[in-house]
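Architecture at a glance
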Amino acid sequence: MIVVGVDAGSRAIKAVLWDAECGGAAASGVVDQGVEQDALALRLLARLLADAGRTRAEVARIVATGCGRHILRFADAAMTEITCHAVGVRHVAPDANTIVEVGGQDSKLIRLDRNGVVRDFVMNDRCAAGTGRFLEMAATRLGVSLGSFGALAERCRKPAVISSMCVVFAETEIIGLLASGVAPEDIAAGIQASIAARVAGMSGRRIETPIVFTGGVALVPGMAAALEAAFRQPVSTAPEPLMTGALGAALLAARDLPDGAFRGRSSQ
Amino acid sequence: MNDGPRKITLEEWEARYTALLAAGMREPWYGGPLSRHVADGDYRLRTLYFDNSAAALRLWNFLLTEEDRLREARAQGKTIVGAMKDLGTVPVIAFSLSNVVAFYPDGAWWIPCIMELSAGLFRIADKLGVNDAFCPVRAMLGAFVNEAHFPIPDLLTCSVGATCDDFSAIAQRLEGLGHGILWWEIPRRRVPDPGEDAVLLPGGFVAPASQAAFVRSELERVRAAIETAAGTRLDDAALNAGIAAANRVRRLLAALRREAFMAERAPLPALEMLIAEMLAIHFCSDRAETEEVLQDLLAEVRTRVDARQGVLPRDAVRVFWVNPVADLRAMNLLEECGGRICGTEYLFCHALDAIPEDLAPMDALARTALADPMAGSAGDRAARICRDADAFGAEALVVSRIPGASHCASEGVIIRETVHETLRIPTVEIEVPPVCDALQQTLRTRIEALVETARARRSR
């Protein structure tokens, strides 16, 4: 029996096919986000089913998450990214107490209790400060792809100070720094530190370890180190951080199956 | 047609209205179908969900006809007092005189929402140099300039000091436009020093007696100004009667809150509860009618509670809500996300507490004004929120920020941390602009996540 988790994020749609009988992922995949989210997600699902040699008739339940979760009409249920990332991260990192998730337009700090249940969470304001959008803007300004942004930052000698949290104002600062002759790698590292400071600032006065970093921005080299510096605590990156939301959605879908059909470690 | 309690659209209200009339509903002079307000430009009504009771219809009609009442008061030669910033004290003084009507010009902050920005009030404020870095109450400036929403008051009062910085700046700009203002000061409430004479305030706070005496002296100036504007002397007997009348409204609201918030099923939607609570501070320009409106609502709530009926599912998550929202749609959204209101602190909880009737009236009013949550520390406010949220059995808490409003720019973190440490319930902070359509998905994610978190804790 197959269940599916679909994470319709702001930049990409991610899906995980979970085999509820053997308790493992049967397939997973990503497609760029677009206007026709429902159709894009359905095509991704069809592709993953074909890859796994399964049919749509074998899919027992689909849970959608991400900012487009309510648009996916084929899903049986919708859950927020907070709940799904908590379940997904706890599955791959069972001792996680704090989750930092930075995606395309949101950043979140999720606190878990000892059973893995969400105790509390904080999300970024409605502005894009501290999110992947911030990185995208900076990469564009620095003339590099998002994929090579981390490598650029790693060559930094002295991180530039980016004082504005607002994407629009920060862009103005980047233009000014470039005009002043500051090296792009120093600006890139400054941007990473700025995002990390913003995320760490959401944590309030206490942060409980272990901290696990997930979401698309966790794929950017140097971001975990920037977070460690901001939190002054070790930060580990979740395996396949882009997929933890979809994985959590799939595990939640499996949990709703009849007793005995679900095999997984998630405890939420 | 389902006549049981439920939330309906404006369109559904048409048929409901016809049915209620056919069933013998009697309306006050300001009654009529809700849809007629859309013709006046209140376009936001088309996107809201309303309670389907006759009592709720009366509440909405009462709210949306305040302008008519004020113009009628002007036509009758009554003195009109615009009580700015002060939340609930000056109107008590003003309404103690029969030929005086008070209203709350700051209430214009909801016009951009209700009229979906069509009134152009923000554009006027922008031109006056008060842009969107300020609280949406800047819409009030536009309303004073275009005179399309309320008559220009005969007397304007404004409390300053331990109040909202934004509002003080906006009111100063208003005075710069030629509208004279009687400023009165409310000091920041402090804890009495050891051995210092202290007085007990409504809400359980304590303040130095010297602060209460100072506020009394400030309010005496306001009282004198109202007397002068009205050409009538206000004696203590009339003021005591005014306080007693205000307390009747406050007791009705206390009963309404207790019944609605504690009920197993929410008997009234969050939106109507918000509108009802606001009556505590301004009486919608008619104190006597406010009592009637609230009595109707309370009777409806009691009928529903007795019948174990409600407008939301029984398992809705009990949410305590902090600060009023600039867009009323947000209250609907909470319920669409699986929550229900079980307690509120809309920045005027002191106006819901009874004014002491065993003190000299001006002393009683001074102590009530000092109990204003904005006059005290964020810690005091958070402590009261914890107490109320606990008493009402809250499972989660929302702090709703008002864009640009300086009085809540940093309070949110303090309130959330205090609630988390004291009650151990999940909290979330959101920002609601005057028209939140483009942000609904963002807001929905945050509120849904809060509801999911609270539900997960239930099953733990």
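Computed from a prediction, not measured in an experiment: that's the story for all the values here. (Residues numbered from 1 in each chain as written. Chains lettered and ligands numbered in written order. Predicted model: local features only at pLDDT ≥ 70, side-chain atom pairs only at ≥ 80, totals over all residues. Heavy atoms only, no water.)

The next thing to look at is the overall build of chain A. Counting secondary structure elements, chain A contains eight helices and 10 strands. The C-alpha atoms of chain A give 19 Å as radius of gyration, which agrees with the globular expectation for 268 residues (18 Å, within 12%). Projected onto the principal axes, the alpha-carbon positions of chain A cover approximately 60 × 40 × 30 Å. Taking all 268 residues of chain A together, the buried fraction comes to 56%. Sequence-distant contacts, at least 24 apart, represent 63% of the contacts inside chain A between residues at least 6 apart. Entry remark: accessible area of chain A is about 10800 Å², with carbon and sulfur atoms responsible for 52%. Across chain A, the centroid of the 27 positively charged side chains sits 4 Å from that of the 27 negatively charged ones. (Helix = DSSP H or I, 4+ residues; strand = E, 2+ residues; numbered from the N terminus. Rg over C-alpha atoms; globule rule 2.2 N^0.38 Å. Buried < 20%, exposed > 50% of the residue type's maximum accessible area, 1.4 Å probe, protein only. Contact = heavy atoms within 4.5 Å. Areas by Shrake-Rupley, 256 points an atom, 1.4 Å probe, with all protein chains shown as cover. Lys, Arg positive; Asp, Glu negative; His and termini not counted. Charge placed at Lys NZ, Arg CZ, Asp CG, Glu CD.)

Right, let's talk about the confidence of the model for chain B for a bit. Per-residue confidence for chain B averages 95 on the pLDDT scale, and 98% of its residues sit at or above 70. Scoring of the predicted complex yields 0.92 for pTM and 0.86 for ipTM. (pLDDT = per-residue confidence, 0-100.)

All right, on to the interface of chain A and chain B then. Counting from both sides, the interface comprises 26 residues of chain A and, opposite them, 26 residues of chain B. Between chain A and chain B the total buried area reaches about 2200 Å² when both faces are included, carbon and sulfur atoms providing 43% of it. The tally of links from chain A across to chain B stands at two salt bridges. Note that Arg 69 of chain A is salt-bridged to Glu 448 of chain B, the shortest N-O span being 2.7 Å. Put simply, chain A and chain B have 11 residue pairs in polar contact (both at pLDDT 80 or more) between them. (Buried area = accessible area lost by both parts, 1.4 Å probe. Salt bridge = Lys/Arg side-chain N within 4 Å of Asp/Glu carboxyl O. Polar contact = N/O pair within 3.5 Å; in protein donor to acceptor, adjacent residues only side chain to side chain.)

This paragraph deals with the packing of aromatic side chains. Residue and element names in this part refer to chain B. The full count for this structure, using the stated rule, is nine aromatic pairs over all chains. Residues Phe 50 and Trp 60 carry aromatic rings whose centres are separated by 5.2 Å and whose planes lie at 85° to one another, so their mutual orientation is edge-to-face. Separated by 10 residues along the polypeptide, Phe 50 in strand β2 (residues 50-51) and Trp 60 in helix α3 (residues 54-64) bring together distant segments of the chain. Take Trp 60: its relative accessible area is 0%, and that puts it in the buried class. Ring centres 5.4 Å apart and planes at 85° place the aromatic pair Phe 95 and Phe 283 in the edge-to-face group. Here Phe 95, found in the loop between α5 (90-94) and β4 (100-103), pairs with Phe 283, found in the loop between α12 (270-282) and α13 (287-306); they are 188 residues apart in sequence, far enough to count as distant. Both residues of the pair, Phe 95 and Phe 283, belong to the buried class. Members of the aromatic cluster, each reached through a chain of ring pairs, are Trp 29, Tyr 30 and Phe 62. The aromatic ring of Phe 167 is capped on one face by Lys 85, whose charged end is 5.9 Å from the ring centroid. Stacked on the ring of Phe 122, the Lys or Arg Arg 138 has its end atom at 4.2 Å from the ring centre. (Phe/Tyr/Trp six-rings, centres within 6.5 Å; stacked < 30°, edge-to-face > 60°. Lys NZ or Arg CZ within 6 Å of the ring centre and 35° of its normal.)

We now examine the environment of Met 262 of chain B. Residue and element names in this part refer to chain B. Along the chain, Met 262 turns up in helix α11 (residues 236-262). On the basis of relative accessibility, which here comes to 44%, the residue Met 262 falls in the partly exposed class. Residues Met 262 and Arg 318, 56 residues apart in the sequence, show an inter-C-alpha distance of 9.6 Å.

Further remarks concern the pattern of salt bridges. Under the criterion given, the structure shown has 53 salt bridges over all chains. Measuring nitrogen to oxygen at the nearest pair gives 2.5 Å for the salt bridge that ties Glu 101 of chain A to Lys 108 of chain A. Comparing Glu 101 of chain A with Lys 108 of chain A shows no difference in burial state: the two are buried. In this structure, Glu 264 of chain B and Arg 314 of chain B form a salt bridge, with 3.6 Å as the shortest nitrogen-oxygen distance. Note that Glu 264 of chain B is positioned in the loop between α11 and α12 and Arg 314 of chain B in the loop between α13 and β9 (317-322), a separation of 50 residues in sequence. With a relative accessible area of 42%, Arg 314 of chain B lands in the partly exposed category. Overlapping salt bridges, with partners in common, bring together Arg 69 and Glu 81 of chain A together with Arg 329, Glu 336, Arg 444 and Glu 448 of chain B in one network.

This part is about the nonpolar core. Proteins that are soluble and globular tend to have nonpolar side chains buried together. Membership of the largest hydrophobic core comes to 181 residues, with the highest contact counts inside it found for Trp 60, Ile 226, Trp 321 and Leu 328 of chain B. Look past the residues within four positions of Trp 321 of chain B in its chain and what remains in contact with it is Ala 330, Met 331, Leu 334, Ile 341, Gly 343, Thr 344, Glu 345, Tyr 346, Val 398, Ser 400, Ile 430 and Ile 447 of chain B. (Core = buried A, V, L, I, M, F, W, Y, C linked by side-chain atoms within 4.5 Å.)

Attention now moves to the sheet that holds strand β7 (residues 107-112) of chain A. Note: strands within a sheet are paired through backbone hydrogen bonds, in either parallel or antiparallel orientation. All names here are of chain A. Strand order in the open sheet formed by five strands is β8-β7-β6-β9-β10, and the pairing between neighbours is mixed. A strand with exactly one partner marks an edge of an open sheet, and here the two such strands are β8 (118-123) and β10 (235-237). Put simply, the sheet's adjacent strands are angled 25° from each other on average, direction ignored. Bridge analysis of strand β6 (residues 98-102) against β7 gives five bridges, and the strand direction is antiparallel. The residue bridging Val 102 from the neighbouring strand is Ser 107, located in β7. (Pairing = 2+ DSSP bridges. Axes fitted to C-alpha atoms, helices over the stretch in contact; angles between N-to-C directions.)

Of note, the amide linkage connecting Thr 209 of chain A to Pro 210 of chain A takes the cis form, showing an omega dihedral of -5°. For Arg 232 of chain A, which is not glycine, the phi dihedral falls at a positive 60°. For Arg 232 of chain A, the position within the fold is in the loop between α7 (223-231) and β10. We classify Arg 232 of chain A as exposed; its relative accessible area is 75%. Even without a glycine there, the phi angle at Phe 283 of chain B is positive, about 55°.

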